[in-house]
Amino acid sequence: MTERDHSWFMRRALEVAKRGWGDTHPNPLVGAVLVEDGEIVAEGHHAKAGEPHAEINALRALGRKPRKGATLYVTLEPCCTHGRTPPCTDAIVDEGIEQVVIGATDPNPAHAGKGFEVLRAGGVEVVSGVLADECADLNLIFNHWITTGHSLFAAKSGVTLDGKVATRTGDSKWITGEKARANGHLWRRYFPAIAVGAGTVRADNPRLTARVGETEWCPVRFVFDGLLRTVLDKSMPGVYTDEFRDRTIVVTTPHGGLGYVRKLNSLGVRTWVLNSQSPKVNFQDFRQRCVQEGITGVFFEGGAQLLSELLQARELDYLFTYHAPVLFGDDKGKSIFRGLRTETLGQAIRLMQVRHEVHGDDSLMRGFVKYPEKMAVDEATFSRRTLLE
């Protein structure tokens, strides 16, 4: 087949992979498409950790031995080691598949490329790197988790063209349009957890669920409230009283008072009391607790104070920013990020591996956050390698 054919079938495999959107953590999203004589005869995706992988589901969906010359398209390098399920490479070889076309290489340094070797040793032709960037982008959370051992901390903002999230009076609903907000809900569904600050809870009383189509799904809901101000209100926020309250975790400090902690616990709301010298939660301690609890990614949606503190602490890994065709032109309009002293462009924080999307009249820019000190280290490392070569 031509490179164009490979790309077409891989795009289909990407769509198939998204059937598991948000359900596979801590495993990756993977899609597989089996092709015979230029036609798709079976598809499969990974649905949940511990269940069969995409390749196995595609082979089972076929219900028979693949024909001679069959090609399997898979978005991620097939596993070649025993985990909760047997190696997919063994099944591929045993089924007699002659060619496997792969999108992204397994990001795990212990496994990367070994699946290719096992397949080739079994007589399978391997074509790798087809739509590799798109396939890797499918697994932002998994890739970060498997390579760093840390949860991916991502933030979302909807801003005007001049970077404002609210007018000087606090009016902010809605800066972005319906299609951009619907896409934001899709990303909520992707992440296992969502986080907001106490100010957002008190001002907006948000539900913090993902509403995709007619389906409502609730992630783990983090409320950052170092002083437990949200518990002082006479009318308790909905995230503490609704049907999903057992999915709510209030992240606080000893400064909040154990009496309020007990009150939350009596409502069925969990609390993480993290040691801190101030009422501000330490993000490094929060990240470590997420790792201990197996929470692979957190989607921070605000407010501006929480996101600014996250950026100031150098703990923000990824950023989603929806830009609306709106201008305030007002110095006293409220910005999403603040508190840094950036005097030169060299001190600026930048996004890397940037992707652009259009949703209605709004545009989304998203990418990995790179801090200037980290970029300097990377450039120095690259320079040393160049000299050695």
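Look up: the structure comes first, before these words.
Keep in mind the model is a prediction, meaning the values are calculated, not measured.

Topic: the pairing of strand β15 (residues 318–323)
Working step 1: For β15, the tally of buried residues reaches 5 of 6 residues, placing the bulk of the element in the interior.
Working step 2: Taken together, the 6 bridges between strand β6 (residues 152–159) and β15 define a ladder with parallel strand orientation. Each residue of the ladder has a partner; that of Ala-154, found in β15, is Tyr-318.
Working step 3: Where β15 lies against strand β18 (residues 362–370), 6 bridges are found, and the strand directions are antiparallel. Residue pairing across strands places Phe-320 opposite Arg-366, the latter belonging to β18.

Concerning the layout of surface pockets
Working step 1: Approximately 1500 Å³ is the volume attributed to the largest pocket.
Working step 2: Along the walls of the largest pocket sit 48 residues, with Thr-200, Asp-204, Glu-301, Gly-302 and Gly-303 positioned nearest its centre.
Working step 3: For the lining of the largest pocket, the elements supplying multiple residues, two or more each, are β6, β7 (164–166), α7 (178–190), β8 (193–197), α8 (198–204), β14 (297–302) and α11 (304–312).
Working step 4: Lining the second largest pocket are 22 residues, with His-144, Asp-317, Gln-353, Phe-368 and Lys-370 positioned closest to its centre.
Working step 5: Of all the secondary-structure elements, those providing two or more residues to the lining of the second largest pocket are α5 (132–137), α6 (140–148), β17 (350–359) and β18.
Working step 6: When residues of the lining of the second largest pocket are assigned to their parent elements, the largest contribution, 5 residues, is made by α6.
Working step 7: In the lining of the second largest pocket, the residues fall into 9 nonpolar, 5 polar and 8 charged.

Observations regarding the packing of aromatic side chains
Working step 1: Taken as a whole, this structure holds 22 aromatic pairs when the rule is applied.
Working step 2: Centre to centre, the rings of Trp-21 and Tyr-190 are 4.6 Å apart; their planes meet at 45°, and the pair counts as tilted. Taken together, the positions of Trp-21 in the loop between α1 (3–17) and β1 (31–36) and Tyr-190 in helix α7 put the pair 169 residues apart, joining distant regions of the chain. Tyr-190 carries the same exposure label as Trp-21, and that label is buried.
Working step 3: An angle of 85° between the planes, with centres 4.9 Å apart, marks the rings of Phe-222 and Phe-286 as edge-to-face. Placement of Phe-222 in strand β11 (residues 220–224) and of Phe-286 in helix α10 (residues 283–293) is noted, with a sequence separation of 64 residues between them.
Working step 4: A relative accessible area of 0% places Phe-286 in the buried class.
Working step 5: Taken together, the ring pairs in this structure connect Trp-21, Trp-187, Tyr-190, Phe-191, Phe-299, Tyr-318, Phe-320 and Phe-368 into an aromatic cluster.

Conventions adopted
- Residues numbered from 1 in each chain as written.
- Predicted model: local features only at pLDDT ≥ 70, side-chain atom pairs only at ≥ 80, totals over all residues.
- Heavy atoms only, no water.
- Buried < 20%, exposed > 50% of the residue type's maximum accessible area, 1.4 Å probe, protein only.
- Helix = DSSP H or I, 4+ residues; strand = E, 2+ residues; numbered from the N terminus.
- Pairing = 2+ DSSP bridges.
- 1 Å grid on protein atoms, 1.4 Å probe; cavity = no way out; pocket = protein on both sides within 12 Å on 5 of 7 lines; lining within 4 Å.
- Points joined across faces, edges and corners; volume = space filled by probe spheres on them.
- Nonpolar A, V, L, I, M, F, W, Y, C, P; charged D, E, K, R; others polar.
- Phe/Tyr/Trp six-rings, centres within 6.5 Å; stacked < 30°, edge-to-face > 60°.

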